[in-house]
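Close look at the chain arrangement
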Amino acid sequence: MRLQHKVSTMNHQLVQAIIPNQPTAPRRRQTRRSRKGSAIVLSTMLVAGLLIVSAIAVDFGHISVSRSETKRTADAAALSACWELFDGLVARQPIHTVEDDTKETASNIAAANLISRRAPSLNQESDVEIGFYDADNPGTLNTGTPERFNAVRVRVRQSEEAGSAIPLFFGAVTGRETQSSQASATAAMFKSINGFYT
């Protein structure tokens with residue numbers, strides 16, 4: 001019995017010498033810590049990506065709304081100027097007076113319609129055209145025959161040169177702080193109406 005006990009003790013010591021006890025708990029803790037660190041980095045990257053996408057979506061929505069406002073302003077200015085042209089022609093005022101009053105009306109109406117809280121740019125000499133609009137030839141405006149004037153074309157701009165460009169909320173993120181926009185509208189008077197032209 002003693003011999004057998006000694007042999008078993010020696011075998012146990014031999015096994016311990018060959019295969020020493022290795023601590024496993026610290027390694028598991030290190031693995032968990034490294035996984036936690038990777039999750040934090042991944043979460044940060046996902047949040048940053050979502051913020052960038054959200055910023056782009058907000059700015060694109062703002063640009064779309066501002067373009068609609070630009071078109072609305074051009075329509076309002078063209079309609080008001082066309083009514084002024086009609087009043088001047090009916091009153092048989094001199095043609096140069098009618099042209100001046102028509103352009104001034106277009107400018108005043110455009111300035112009263114803010115786009116993204118800014119007044120649009122409108123040059124009375126180059127952005128307001130008075131002429132003859134032929135419904136059978138849409139898109140053209142003959143400005144060389146004052147006795148046939150029946151239409152006004154107005155172009156409204158939001159440009160960086162004029163300091164009226166559309167400001168973007170997240171320009172620092174997207175790398176673009178402003179966006180230019182422009183729209184034109186034509187209003188004409190016809191003796192007979194057969195439909196609407198856009």
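As a reminder, the structure under discussion sits directly above these lines.
Residues numbered from 1 in each chain as written. Predicted model: local features only at pLDDT ≥ 70, side-chain atom pairs only at ≥ 80, totals over all residues. Heavy atoms only, no water.

1. A few points about the pattern of salt bridges
As enumerated under the stated definition, the model contains four salt bridges in all. We note a salt bridge from glutamate 125 to lysine 103, for which the minimum N-O separation is 3.9 Å. Of the two residues, glutamate 125 is situated in the loop between helix 3 (95–112) and strand 1 (128–133) and lysine 103 in helix 3; the sequence distance between them amounts to 22 residues. On the basis of relative accessible area, glutamate 125 is assigned to the exposed category, the value being 64%. (Salt bridge = Lys/Arg side-chain N within 4 Å of Asp/Glu carboxyl O. Helix = DSSP H or I, 4+ residues; strand = E, 2+ residues; numbered from the N terminus. Buried < 20%, exposed > 50% of the residue type's maximum accessible area, 1.4 Å probe, protein only.)

2. Structural notes on the environment of threonine 143
Within the element layout of this structure, threonine 143 appears in the loop between strand 2 (141–142) and strand 3 (151–158). Classification of threonine 143 by relative accessible area gives partly exposed; the value is 43%. In this structure the C-alpha to C-alpha distance between threonine 143 and glycine 131, which are twelve residues apart in sequence, comes to 4.1 Å.

3. Observations concerning the pairing of strand 6 (residues 181–188)
The side-chain alternation of strand 6 yields one buried face, formed by Ser181, Ala183, Ala185 and Ala187, and one unburied face, formed by Gln182, Ser184, Thr186 and Ala188. Looking at chain direction, strand 3 and strand 6 are connected through eight bridges and run antiparallel. Bridge pairing links valine 154 to alanine 185 in strand 6. (Pairing = 2+ DSSP bridges.)

4. A closer look at the sheet that holds strand 2
Pairing within the open sheet is antiparallel, and its four strands lie in the order 2-1-3-6. Only two strands of the sheet have a single neighbouring strand rather than two, namely strand 2 and strand 6. In the sheet, strand 1 pairs with strand 3 via four bridges, with the strands oriented antiparallel. Paired with valine 128 across the two strands is valine 154, which belongs to strand 3.

5. Digging into the side chain of threonine 73
By the secondary structure assignment, threonine 73 is in helix 2 (residues 25–90). Beyond its immediate chain neighbours, meaning those up to four positions away, threonine 73 contacts Ala110, Asn113, Ile115, Pro120 and Val156. (Contact = heavy atoms within 4.5 Å.)

6. As for the nonpolar core
Core analysis: the biggest nonpolar cluster contains 20 residues, and Leu122, Val152, Val154 and Val156 have the highest contact counts within it. Of all the secondary structure elements, the ones that give two or more residues to this core are helix 2, helix 3, strand 1, strand 3 and strand 6. In terms of residues, this core owes the most to one element, helix 2, which gives six residues. Every residue in contact with leucine 122, bar those within four places of it in the chain, is listed here: Ala106, Ser107, Ala110, Asp127, Val128, Val154, Arg155 and Val156. (Core = buried A, V, L, I, M, F, W, Y, C linked by side-chain atoms within 4.5 Å.)

7. Quick notes on the packing of aromatic side chains
Throughout the structure, instances matching the rule amount to two aromatic pairs. Relative to phenylalanine 86, the ring of tryptophan 83 lies with its centre 5.9 Å away and its plane at 90°, an arrangement referred to as edge-to-face. Of the two residues, tryptophan 83 and phenylalanine 86 both sit in helix 2, three residues apart, roughly one turn of that helix. A ring pair is formed by tyrosine 133 and phenylalanine 190, whose centres lie 6.3 Å apart and whose planes are at 70°; its orientation type is edge-to-face. Residue tyrosine 133 is found in strand 1, and its partner phenylalanine 190 is found in the segment after strand 6; the two are separated by 57 residues along the sequence. Judged by its relative accessible area of 35%, phenylalanine 190 falls in the partly exposed class. In this arrangement the basic side chain of arginine 148 is found over the ring face of phenylalanine 132, its NZ or CZ atom lying 3.9 Å from the centre. (Phe/Tyr/Trp six-rings, centres within 6.5 Å; stacked < 30°, edge-to-face > 60°. Lys NZ or Arg CZ within 6 Å of the ring centre and 35° of its normal.)

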